[in-house]
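# Examination of the molecular architecture
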Amino acid sequence: MPVLELSLSRERLDRLRHGAVVALGEPGVFFIEGPGALTCLQGLLTNDLAKPGDQSLVYGALLTPKGSIVVDLWVLREPARFTLIAPRRAHEAALELLTRQLPPRLAKLTDATGDVTVAWLAGGQAFPTLARSGTKPLPEAAGRIATVALGGSHLTLGLTHEAAPFAAIAVGPRPAIDALSTALLQAGAVEGTDEDLEAARILAGWPGLGAEIEERTLPQEVRYDEIGGVSYTKGCYVGQETVARLHFRGHTNRELRGLVWESAEPLTDTAIVAGGKSVGTVRSTLVLEDRIIGLAPIRREVEPGAEVTAGGRAATVVALPFASEDLDG
């Protein structure tokens with residue numbers, strides 16, 4: 001699997017850490033509605049959609065019967081429908097799985113990809129900037145959503161929890177999203193890119209589909225317990241038996257860790273070696289001006305603080321998310 005390599009100036013890093021960055025895109029978006037929508041989705045998603053109730057924002061994944069992640073999703077629950085937001089690269093896989101698993105008479109599936117736009121707001125000043133933008137109503141708390149009238153239309157705005165790589169997410173017609181983006185920029189946000197969102201993901205220690213998440217990845221191997229992506233009390237869903245057995249009776253052989261290299265010299269490969277043994281592979285890297293940070297699933301016995309050889313160079317294994325000292329030295 002190729003390494004995701006990004007480069008970020010200190011100025012852009014400071015925006016992500018201490019400012020507010022808004023980025024627009026068209027990921028995979030699906031609407032699910034109907035009398036059995038909740039029951040059907042509750043039997044598919046790793047997380048609990050019933051307990052939070054209407055106007056909630058939940059993160060989770062759809063799994064294979066053996067418990068491997070197929071696609072990770074943000075789910076916005078409105079009274080009349082669910083909106084699922086998936087990475088664009090997983091659009092076809094998600095569409096195929098949902099079409100196969102959802103009975104149309106109970107849960108009608110609409111592929112809205114390309115018909116709606118999504119905005120992400122990231123950074124340490126994201127929420128104050130959102131508040132200054134005059135956008136109303138705002139969601140009442142993290143993990144909640146609100147419907148906002150903007151640009152002659154409506155969008156759905158959600159606030160994420162503290163561990164997420166962005167503070168807010170909005171989905172709706174392009175005119176409404178453009179109006180929200182304009183208000184955020186006028187309130188002090190700066191315009192971001194897909195690279196900024198990926199950098200924010202790495203900084204948060206959040207797994208990415210096609211990077212840390214591959215074909216046979218189990219939720220607990222990529223921090224789903226820590227980032228609130230799985231429920232152990234909701235009952236059955238596809239792949240639940242493997243996930244529950246691992247949680248209650250065992251442990252993962254590998255865990256997602258951070259890596260810090262003390263200079264920005266290029267890496268020569270992806271191998272991670274400790275004690276003369278292969279213990280993992282580098283999956284995502286973020287090159288800063290004076291160092292590199294990265295994400296990798298690593299053998300669980302290699303704990304934070306360990307010194308390893310990664311990408312042909314000495315590196316330190318660190319806990320996630322990355323701390324200030326990991327970024328500033």
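Computed from a prediction, not measured in an experiment: that's the story for all the values here. (Residues numbered from 1 in each chain as written. Predicted model: local features only at pLDDT ≥ 70, side-chain atom pairs only at ≥ 80, totals over all residues. Heavy atoms only, no water.)

When helices and strands are tallied, the protein shows eight helices and 19 strands. Computed over its C-alpha atoms, the radius of gyration of the protein comes to 20 Å, within 12% of the 20 Å expected for a compact globule of 329 residues. With 329 residues in all, the protein has 54% of them scored as buried. Pairs at least 24 apart in sequence give 69% of the contacts found in the protein among residues at least 6 apart. Surface summary for the protein: the accessible area is close to 14,300 Å², and the carbon and sulfur share equals 51%. Once the 31 positive and 40 negative side-chain charges of the protein are each reduced to a mean point, those two points are 6 Å apart. (Helix = DSSP H or I, 4+ residues; strand = E, 2+ residues; numbered from the N terminus. Rg over C-alpha atoms; globule rule 2.2 N^0.38 Å. Buried < 20%, exposed > 50% of the residue type's maximum accessible area, 1.4 Å probe, protein only. Contact = heavy atoms within 4.5 Å. Areas by Shrake-Rupley, 256 points an atom, 1.4 Å probe, with all protein chains shown as cover. Lys, Arg positive; Asp, Glu negative; His and termini not counted. Charge placed at Lys NZ, Arg CZ, Asp CG, Glu CD.)

At a minimum axis distance of 11 Å, the contact between helix α1 (residues 10-18) and helix α6 (residues 194-203) shows a crossing angle of 65 degrees. Accordingly, the angle class assigned to the pair α1 and α6 is roughly perpendicular. Every pair of crossing elements has a handedness; the one defined by α1 and α6 is right-handed. In this structure, α1 contributes Arg12, Leu13 and Leu16 to the contact, and α6 contributes Glu195, Asp196, Ala199, Ala200 and Leu203. (Axes fitted to C-alpha atoms, helices over the stretch in contact; angles between N-to-C directions. Parallel < 35°, antiparallel > 145°, perpendicular 65-115°, else oblique. Left-handed = near helix turned anticlockwise from the far one by under 90°.)

Turning to the packing of aromatic side chains, a few remarks are in order. Each pair of aromatic rings is reported with the distance of its centres and the angle of its planes. Taken as a whole, this structure holds six aromatic pairs when the rule is applied. Taking 5.0 Å as the distance between ring centres and 50 degrees as the angle between the ring planes, the aromatic pair formed by tyrosine 59 and tryptophan 74 counts as tilted. With tyrosine 59 in strand β4 (residues 56-63) and tryptophan 74 in strand β5 (residues 69-77), this residue pair connects regions lying 15 residues apart in the sequence. Both residues of the pair, tyrosine 59 and tryptophan 74, count as buried. Consider the rings of tyrosine 232 and phenylalanine 248, whose centres lie 6.1 Å apart with planes at 75 degrees: the pair is edge-to-face. (Phe/Tyr/Trp six-rings, centres within 6.5 Å; stacked < 30°, edge-to-face > 60°.)

Everything listed here is a matter of coordinates, which is why it stays silent on function.
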